[in-house]
Amino acid sequence: MAEPPGTVDAESGASDTPPPEAVKKASKAGRNLPAAIGVALLLGAAIIVSLLTVRYLFIGIIAIAIAVGTVEFAGVLRRVADIRVAMIPVLVGGQAMIWLAWPFGREGALTAFVLTVLACLLWRLPGGAKGYLRDISASVFAAAYLPLFAAFAAMLVPPHDGVGRVLTFLIGVVASDTGGYIAGVLGGKHPMAPTISPKKTWEGFAGSVIGGVVAGALTLSLMLDGHVWQGVIFGVAVVLTATLGDLVESLIKRDLGVKDMGTLLPGHGGIMDRLDSLLPSAVVSWLLLSAFVPV
C-alpha cells in the first residue's frame, strides 16, 4: 500500500516529500481544490435551500454576505493602508440598501445609498482634515461596490419568477468562473492581463465565454421562457462583467499588496474573493432580465 506523502523511507532514510518544483506543478490550480469544492457545495446548498423553501431568505443570505464582506474589506484597508472606512454608516446603510430594494426597488436602494454617503461625510468630520478625502472616498466606494451592487441581486427575488431569475444569474456566473478555471488550468498559455492577474489567460476567457453562453441560453430559455438569442447575449454580458469584477479586485489586492481579502472560506480566501465576479454581474443581470423578461 502506498505511503502517505511526506513520510520517510525506512531503509534509505530519505524523505519522499516532492521538491518545491513538483509541488508548484501539482498546484497549478492555484488553490486547495478539495477545500474550495467543499465550501462551494455548502454555499450552493444554502442558496438552493433558501430559494426552494422561502425565496426571500436569499435576501438574508445576501445581507449577511455583504455585512461580512464590508467588515473584511474595511479591515484590510485599515490594516494595510491606514484607510478608515466609516464603518457604522456603511454597514447600516448597506443593510438599508439591500432590504429597501425588496419592497421599493431601485428607488429604495438609491435613496439608501445617497443617505449613506451623507452619513459618511458627517461621520468622518470629527476626525479632522488629515486623510478626510481618502477615507470618504474609500467609504463611498465600499458602499457602492458592495451593498449597492448587491441590492440588484436582491431585486431579482420579488417577481413571481424570482427563483428562476436568481438561478439564471448565479448559474451564469458559476458557469463563467468554472469554464474559465478549467480552460485556464488545462490550456492557459497566453496571459490576459499579466500586470494585474498573471494567472488569467485568454484561453481561460474563451472557456468562460463558452460556459457563460451555454448556461445563459439554457437557463433563460428554460427557466424564464426567454429566447435562446437573449440567453446568448445574457451569457456574454455576464462573462464580461464577471471577468471585469475579478480583474478589478485583483488590481485592488495588488495595490494593497495582499493575496486574499480574508481567510474565512478555505480554498477561496475571504468573502470578497467570492463576491468579486458576482457583484457587477448582479447589476447587469437585473438590467438584462428586466428588459428580456419583463415582470
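Going by the structure above, here's the rest.
Residues numbered from 1 in each chain as written. Predicted model: local features only at pLDDT ≥ 70, side-chain atom pairs only at ≥ 80, totals over all residues. Heavy atoms only, no water.

**Student:** Hey, could you run me through the overall build of the protein in this one?
**Tutor:** For the protein, the helix and strand inventory stands at 10 helices and two strands. Secondary structure elements of the protein, listed N to C terminal, follow the sequence α-α-α-α-α-α-β-β-α-α-α-α. With 295 residues in all, the protein has 46% of them scored as buried. Relative to all contacts within the protein whose residues are 6 or more apart in sequence, the contacts with residues 24 or more apart total 68%. (Helix = DSSP H or I, 4+ residues; strand = E, 2+ residues; numbered from the N terminus. Buried < 20%, exposed > 50% of the residue type's maximum accessible area, 1.4 Å probe, protein only. Contact = heavy atoms within 4.5 Å.)

**Student:** In this structure, what is going on with the pattern of salt bridges? I would like to understand it.
**Tutor:** Evaluation of the coordinates by the stated rule reveals six salt bridges. With a shortest N-O distance of 2.7 Å, Asp246 and Lys200 are connected by a salt bridge. Of this pair, Asp246 sits in helix H8 (residues 228–256) while Lys200 sits in strand S2 (residues 197–201), placing them 46 residues apart in sequence. Salt bridges linked by common partners bring Arg124, Arg134 and Asp135 together as one network. (Salt bridge = Lys/Arg side-chain N within 4 Å of Asp/Glu carboxyl O.)

**Student:** What exactly am I supposed to notice about unusual backbone geometry here?
**Tutor:** Comment: phi is negative for the bulk of residues other than glycine, and the bulk of peptide bonds are trans. Despite not being glycine, Asp82 shows a phi value in the positive range, around 55°. One can find Asp82 in the loop between helix H3 (57–81) and helix H4 (87–123). The backbone phi angle of Asp225 is positive, close to 60°, even though this residue is not glycine. In this fold, Asp225 is placed in the loop between helix H7 (202–223) and H8.

**Student:** What should I look at first to understand the packing of aromatic side chains in this one?
**Tutor:** Centre distance and the angle of the planes are the two values used to describe a pair of aromatic rings. Inspection of every chain in the model, using the stated rule, returns eight aromatic pairs. Here the aromatic rings of Trp202 and Phe205 are separated by 5.9 Å at their centres, their planes lie at 90°, and the arrangement is edge-to-face. Placement of the pair is Trp202 and Phe205 together in helix H7, with a separation of three residues, close to one helical turn. Residue Trp202 is classed as partly exposed on the basis of its relative accessible area, which comes to 46%. (Phe/Tyr/Trp six-rings, centres within 6.5 Å; stacked < 30°, edge-to-face > 60°.)

**Student:** Would you mind showing me how to read H8 here?
**Tutor:** Every α-helical turn comprises 3.6 residues, leaving residues that sit three or four positions apart pointing alike. A rise of 1.5 Å per residue sets the reference length of H8, with its 29 residues, at 42 Å; its end C-alpha atoms lie 42 Å apart and thus fit the reference within 8%. Phi turns positive one or two residues past the end of H8, at Gly257, with a value near 75°. (Expected span 1.5 Å × (residues − 1).)

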